[in-house]
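Spelled out from the first residue to the last, the chains are:
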Amino acid sequence: MADAEPISLVAKNPYELRVDLGARVSEGDVRAALASGDMGFLHSYTTGSAVDGPGVRVVAWTSGCMWRCRYCHNPDTWTMRNGYPVSVTQASEELRKYRQGLKVMSGGLTVSGGEPLMQHRFVLKLLNAAKGMGVHTTIETNGFLGDQLTDADFESIDLVMLGLKKWDPEAHKELTGREIGPTLTLARRLAARKRPIWVRFVLVPGLTDDRDDIKRIAEFAAGLGVVERVEVLPFHQMGRFKWKELGIKYHLEKTEAPTTEAAENACEVFRAAGLNAN
Ligand code: SF4
């Protein structure tokens, strides 16, 4: 694979539109990178995040996602070659710059996306490098490719932030393009190994705000016995411009953010199941 262009991996925020950064990487090189895990594709790094796991985090945003959530605010991460090709060494050295500060601020590294498990070998190598620096590790995943992780791999991940988006199977497929089953399987496997989970639930008026559906998600999450926290994330329109720029039909043009009361009601449903939700 040819050397990457010297552009900054660090983005001001994940809402920067980034496309075609790896466009000149051939299909064959993408496959080789995925197979070895020595090279991965990152949309960007952002630093100083207080909302992507415990403490203050460096977040590596991977590119590539097999889902097509209607409310996705980062559709530029769907295509792997929109990401910047980086070696594990490059990505680790970038992280190393922040390791002391992350420890002081009780933070760590979060690998998000996109969907990190699209490049599970690269991600595991990066997480292991982080652990080697004494840095706490988190992945944020939709869980669909959970079978790519062995139980031993779980030891490299201190916390899994798992997106639970909709309970009803048909509605889940309509919302994301994929089945919910593999996500639930990963959740059960993590629970069996007593690995901590934070659930992330995006509240979208008219799409995910059905109270009974939220209740089913809450009951499932509570039954796992390892969910430390549920984050109810109100839908917003900060990614709308990306859909437009990328020429993808956006179905939520007229959807508004949920009210504070609606978000609190959703939290209450999770709390009623015995979960810590906010
Ligand atoms: S799983 Fe995440 S990155 Fe993938 S489409 Fe859904 S919201 Fe977007």
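Described below are features of the structure shown in this document.

Definitions and limits used
- Residues numbered from 1 in each chain as written.
- Predicted model: local features only at pLDDT ≥ 70, side-chain atom pairs only at ≥ 80, totals over all residues.
- Heavy atoms only, no water.
- Helix = DSSP H or I, 4+ residues; strand = E, 2+ residues; numbered from the N terminus.
- Rg over C-alpha atoms; globule rule 2.2 N^0.38 Å.
- Buried < 20%, exposed > 50% of the residue type's maximum accessible area, 1.4 Å probe, protein only.
- Contact = heavy atoms within 4.5 Å.
- Areas by Shrake-Rupley, 256 points an atom, 1.4 Å probe, with all protein chains shown as cover.
- Lys, Arg positive; Asp, Glu negative; His and termini not counted.
- Charge placed at Lys NZ, Arg CZ, Asp CG, Glu CD.
- Phe/Tyr/Trp six-rings, centres within 6.5 Å; stacked < 30°, edge-to-face > 60°.
- Lys NZ or Arg CZ within 6 Å of the ring centre and 35° of its normal.

Quick word on the overall build of the protein
Regarding its fold elements, the protein presents 9 helices and 8 strands. In summary, the protein has a C-alpha radius of gyration of 18 Å against a globular reference of 19 Å for 278 residues, a match within 12%. Taken along the three principal axes of its C-alpha coordinates, the protein extends 50 × 40 × 30 Å. Per-residue burial over the protein gives 52% buried out of 278 residues. Put simply, 74% of the contacts in the protein that link residues at least 6 apart link residues at least 24 apart. Total accessible area computed for the protein in this model is approximately 12,300 Å², and 51% of it derives from carbon and sulfur atoms. One way to put it: in the protein the 35 positive side-chain charges average out to a point 2 Å from where the 35 negative ones average out.

Side note on the packing of aromatic side chains
Under the counting rule described, the total for this entry stands at 5 aromatic pairs. Relative to Tyr 250, the ring of Trp 243 has its centre 5.0 Å away and its plane inclined at 40°; by these criteria the two rings are tilted. The same class applies to Trp 243 and to Tyr 250, which are both buried. In this structure, Arg 229 packs its charged tip against the face of Trp 198, placed 4.5 Å from the ring centre.

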